[in-house]
Amino acid sequence: MIKLVYCLKKIGMNEFNYVIGATRQVRDGLIFWDEKAKEYVDTYYQGDEQNARGTRFYRGIIKTRIILDSLFEKGEGFRSVFDDQNLLASACIIEETSIFLEEELVDCIEIESIVNSPWNLIKYLVPEKRKGAATAIIEGIIKENREKRLSRILKLFAVPEEKNFYTDLGFEETNGSGEMILSENQASMFLLALDQKRNSTAFD
Amino acid sequence: MSFELPKTSQSKTYEPTPEQLARWKRLDENDGAIAGRMPSEEEQARIAKEFMNTDFVADQLEKVRIHKQKLLKKLEFAEEYEQQLIEKQQERKQKQS
């Protein structure tokens, strides 16, 4: 299994390490996610997961199980970020694919599934929470692909409740199905915006 | 293998526009990313129930053992086929000589 770590230094922002592959550290992180998610159901939802229905946290439980089901077959497509507490903060599965753009078939990377840790999804303020994990994982994917000279076009299917988040990152809807694309140009703009944020006087 | 991303300027000089500040605020507030196709409502309820009622480690152990058995069968097939092809190659060499 490939393990490649990029240090995502965020000056004045939360720091994350980007990890490639379902490493032992990642698998330990997923076991901890399960323990914490059950603890949150007990603490905040009276021990009944159905009380959490319709929340981001509930959707996160579902998405995490879907990602886990892919662990054996798609482990090499696993990407994640760890925060400054060394906790798994966000995880996703990517794969190389292609897409029609302006009547041309071009290479792209599909983010098949992405999910934040339970503490980064639950609406309650919990000590483990660290903002910026999802942004950091997208940044890591773009930089990894640039390093490997692969396509920096990203594709994903956004759940309706999260479309605004991806729009703010620079993704654009293609056909109203929820499919969203981050073009090469938008990927560069995204990296530039992050650099500007790091250099911003607003974070002094 | 480890990569450190290029360091940005140490002195913070960038003056963000009001639009950028508003966007960064929204991104921080909405940083609860989930993407990818979701199953039907019924399937979601089933998965959520399974999550609560299943010992994660025991469940993963069972799944990894099933996966291991599948891989062992594939390995067994590959080894058998490899041996068959080696024998065929030797047979041809013997005929030629």
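Residues numbered from 1 in each chain as written. Chains lettered and ligands numbered in written order. Predicted model: local features only at pLDDT ≥ 70, side-chain atom pairs only at ≥ 80, totals over all residues.

## Brief notes about the overall build of chain A
Regarding its fold elements, chain A presents seven helices and eight strands. Relative to the compact-globule value of 17 Å for 204 residues, chain A shows a C-alpha radius of gyration of 17 Å, a close match. Projecting the C-alpha coordinates of chain A onto the three principal axes gives extents of approximately 50 × 40 × 35 Å. A total of 204 residues make up chain A; the buried ones form 46% of that total. Of the contacts made within chain A by residues no fewer than 6 positions apart, 59% connect residues no fewer than 24 positions apart. (Helix = DSSP H or I, 4+ residues; strand = E, 2+ residues; numbered from the N terminus. Rg over C-alpha atoms; globule rule 2.2 N^0.38 Å. Buried ≥ 20, exposed ≤ 12 C-beta atoms within 10 Å, placed from the backbone. Contact = placed C-beta atoms within 7 Å.)

## Observations concerning the overall build of chain B
The helix and strand tally for chain B stands at three helices and two strands. Helices and strands appear in chain B in the N-to-C order β-α-β-α-α.

## A word on the nonpolar core
Residue and element names in this part refer to chain A. Counting 63 residues, the largest nonpolar core has Val81, Ile114, Ile137 and Leu154 as the members making the most contacts within it. Per-element tally for this core: the top contributor is helix α5 (residues 133-147), with seven residues. Among all residues touching Ile137, those that are not within four sequence positions of it are Arg79, Ser80, Val81, Ser90, Cys92 and Ile114. (Core = buried A, V, L, I, M, F, W, Y, C linked by C-beta atoms within 7 Å.)

## Observations regarding the interface of chain B and chain A
Listed as interface residues are 36 residues of chain B and, on the opposing side, 56 residues of chain A. For the side of chain B that touches chain A, the class distribution of residues is 18 nonpolar, nine polar and nine charged. (Nonpolar A, V, L, I, M, F, W, Y, C, P; charged D, E, K, R; others polar.)

## What about the confidence of the model for chain B?
Residues and elements named next belong to chain B. The predicted model of chain B has a mean per-residue pLDDT of 87, with 88% of residues at 70 or higher. Across chain B, element-level confidence peaks in helix α3 (residues 56-96) with a mean pLDDT of 96 and bottoms out in strand β1 (residues 2-4) with 46. Segment residues 1-9 is flagged for pLDDT under 50; beyond a separation of four residues in sequence, or across chains, it makes 15 contacts in the model. (pLDDT = per-residue confidence, 0-100.)

## Remarks on the pairing of strand β3 (residues 78-82) of chain A
All names here are of chain A. Counting buried positions along β3 gives five out of five residues, so the element sits mostly inside the fold. Of the two faces of β3, both are covered, the one formed by Phe78, Ser80 and Phe82 as well as the one formed by Arg79 and Val81. Examined bridge by bridge, strand β2 (residues 16-20) and β3 share four bridges and lie antiparallel to one another. Of the residues in β3, the one forming a bridge with Ile20 is Arg79. As consecutive antiparallel partners, β3 and strand β4 (residues 88-101) are separated by five residues, and within that stretch Asn86 has a phi angle of approximately 65°, a positive value. (Pairing = 2+ DSSP bridges.)

## Comments concerning the environment of Asp34(A)
With respect to the helices, strands and loops of the structure, Asp34(A) is situated in helix α1 (residues 24-44). Using a count of 21 C-beta atoms within 10 Å as the deciding quantity, one classes Asp34(A) as buried.

## Some remarks on α1(A)
All names here are of chain A. The terminal C-alpha atoms of α1 lie 30 Å apart, and with 21 residues this matches the ideal 30 Å at 1.5 Å per residue to within 8%. If you check which residues of α1 are buried, you get Val26, Gly29, Leu30, Trp33, Asp34, Ala37, Tyr40 and Val41. One face of α1 carries all of its buried residues, which in axial projection span an arc of 150°. In α1, those exposed residues whose orientation departs by more than 90 degrees from the buried face are Arg24, Glu35, Asp42 and Thr43. Directly beyond the C-terminal end of α1, a positive phi value near 55° is found at Gln46. (Expected span 1.5 Å × (residues − 1). Arc of directions from axis to C-beta.)

## Focus: unusual backbone geometry
Residues and elements named next belong to chain A. Positive phi, normally seen in glycine, also occurs at Asn86, with a value near 65°. With respect to the secondary-structure elements, Asn86 resides in the loop between β3 and β4. Of the residues examined, Asn86 has 11 C-beta atoms within 10 Å and is grouped as exposed. In the Ramachandran plot, Glu102 falls in the positive-phi region, its phi being about 50° despite a non-glycine side chain. By the secondary structure assignment, Glu102 is in the loop between β4 and β5 (104-116).

## Some remarks on the pairing of strand β8 (residues 179-182) of chain A
All names here are of chain A. Side chains of β8 alternate between two faces, with Met180 and Leu182 buried and Glu179 and Ile181 left unburied. Where strand β6 (residues 154-157) and β8 come together, four bridges link them in antiparallel fashion. Each residue of the ladder has a partner; that of Leu156, found in β8, is Met180. Here strand β7 (residues 172-173) runs beside β8; their pairing, made up of two bridges, is antiparallel.

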